[in-house]
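Listed below are the residues making up each chain.
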Amino acid sequence: MSKDISYLRREFLPGLPAPMSGNSASSWMRKNLFATPLDTVMSIVFGAVIIWFVTSVFDWLFISAVWSGDGRAACATLVQGGTQPDGWSGACWAYVGDWFTQFMVGSYPRDQLWRPILIAVLFVVLLVPFLIPKAPRKGLNALLLLIVLPILAYVLLLGGSFGLTHVETSQWGGLMVTLILSFIGIVVSLPFGILLAMGRRSQMPIVKAASVGFIELVRGVPLITVLFMASVLLPLFLPPGDNIDKFVRALVGVSIFASAYMAEVIRGGLQAIPKGQYEGADSLGLNYGQKMFFIVMPQAIKLVVPGIVNTFIGMFKDTSLVSIINMYDLLGIVKASFGDARWITPVTPLTGLIFAGFIFWIFCFGMSRYSAFIERHLDTGHKR
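Just so we're clear, the structure is a prediction, and the values are computed from it rather than from any experiment.

1. A closer look at the packing of helix α5 (residues 138-158) against helix α6 (residues 174-200)
- Between α5 and α6, whose axes approach to 11 Å, the crossing angle comes to 145 degrees. Crossing of α5 over α6 shows left-handed handedness. Between α5 and α6, the contacting residues are L145, L146, P150 and L157 on the first element and M176, I180, F183, I184 and V187 on the second.
- Across the contact of α5 with α6, the residue classes tally to 9 nonpolar, no polar and no charged.

Here it is in structure tokens:
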């Protein structure tokens, strides 16, 4: 006897098309932008605003911009005494082109520009292989980049020897000063930060107290104060006639400030290392130096790569504060150019600041992307 079982299907359902991939652009838009009527309205409204803003900025920066000219008339309207129609507004890249050399090297003698250009070329040639993990001869590369190049740059840029014309550091400026301050600060702050972090965790009371006092004192004051003290107050404590160059004082101030912050970043990495790593190193009979150099410190630095790069980025941007001691880095030169009577227009300051901001963004973005690359390269925890 057969029974009618209602929950049993007596025929197969027709085949359905395969579901759309969740990774497609249309699927992502339906899920994130048009999931509900409210999401649809907000996406359309804000999308229109973004499109209007992007097109307006693009037009101001490129389409309506002035790319050539020899004075303010090229970037001013008829009412302002220029050649542009009334109501015009656009970037004045002609002004940036006219001041470009000044933005790069400041007042460095124009007949001696081969010296900073040569240093820049050597810096790029040595930096590129240094940043490539699998490049050969890393030790020699590091020696040339971190020790030989700064000494060569000092001799070549300053001059006064080997038949080179002496160029006062007061004539240095622009991006050259920004890069020198940040590069020397990076080179000095990392090893000194490591030493200070180790000193803060030391079991010797005097070393620990000195390290803690130095770190807390420097981190407790703004960089402007450190630069002001290095530039104005330090010469008051020196014997008459013994005056340290202002640029060197700025280098020392920036390096000291960055070292204190770097020490705290490294200390965070040291605290994250499990106690078993120390005990394992002790069981192998390693002394303190071998334990820190071969076992603990490589793991600690690997853990705090983002913090280290973040400190480098902050220091690179903070170099603009040297204007407080009358040194003209990139931003200082850009601001000084606003007073040039040949280029005084309503759009000149904004164009200059956009140019400076773009230069800073290129370097900071490059450092952050390289940091992400190094994190992926060192992420060996799940590799077999």
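2. Focus: the pattern of salt bridges
- For the coordinates displayed, the defined rule picks out 7 salt bridges.
- Of the charged contacts in the structure, one is a salt bridge between D98 and R342, with a shortest N-O distance of 2.9 Å. Separated by 244 residues along the polypeptide, D98 in helix α3 (residues 93-105) and R342 in the loop between α13 (330-337) and α14 (348-378) bring together distant segments of the chain.
- The shortest N-O distance in the salt bridge between D340 and R342 comes to 3.9 Å.
- On the accessibility criterion, D340 (17% relative accessible area) is buried.
- Here the salt bridges share partners, and the residues they tie into one network are R200, E216, R219, E264 and R267.

3. A short note on helix α8 (residues 223-233)
- Turning to α8, its buried residues are L223, V226, L227, A230 and S231. Looking straight down α8, one finds its buried side chains confined to an arc of 115 degrees; they lie on one side.

4. Some points on a nonpolar patch on the surface
- Together, L38, V41, M42, V45, F46, V49, I50, W52, F53, V54 and V57 make up an exposed nonpolar region whose accessible area comes to about 1100 Å².
- Secondary-structure assignment places V45 in helix α2 (residues 37-63).

5. Observations concerning the environment of M198
- Inspection of the secondary structure puts M198 in helix α6.
- M198 sits in the buried class, given a relative accessible area of 18%.
- Considering only alpha carbons, one finds M198 and V57, 141 residues apart in sequence, at a separation of 50 Å.
- Every residue in contact with M198, bar those within four places of it in the chain, is listed here: L270, Y288, M292 and M297.

Definitions and cut-offs
Residues numbered from 1 in each chain as written. Predicted model: local features only at pLDDT ≥ 70, side-chain atom pairs only at ≥ 80, totals over all residues. Heavy atoms only, no water. Axes fitted to C-alpha atoms, helices over the stretch in contact; angles between N-to-C directions. Helix = DSSP H or I, 4+ residues; strand = E, 2+ residues; numbered from the N terminus. Left-handed = near helix turned anticlockwise from the far one by under 90°. Contact = heavy atoms within 4.5 Å. Nonpolar A, V, L, I, M, F, W, Y, C, P; charged D, E, K, R; others polar. Salt bridge = Lys/Arg side-chain N within 4 Å of Asp/Glu carboxyl O. Buried < 20%, exposed > 50% of the residue type's maximum accessible area, 1.4 Å probe, protein only. Arc of directions from axis to C-beta. Patch = residues over 30% accessible without salt bridge, like charges linked within 9 Å, V, L, I, M, F, W, Y side chains within 5 Å. Areas by Shrake-Rupley, 256 points an atom, 1.4 Å probe, with all protein chains shown as cover.

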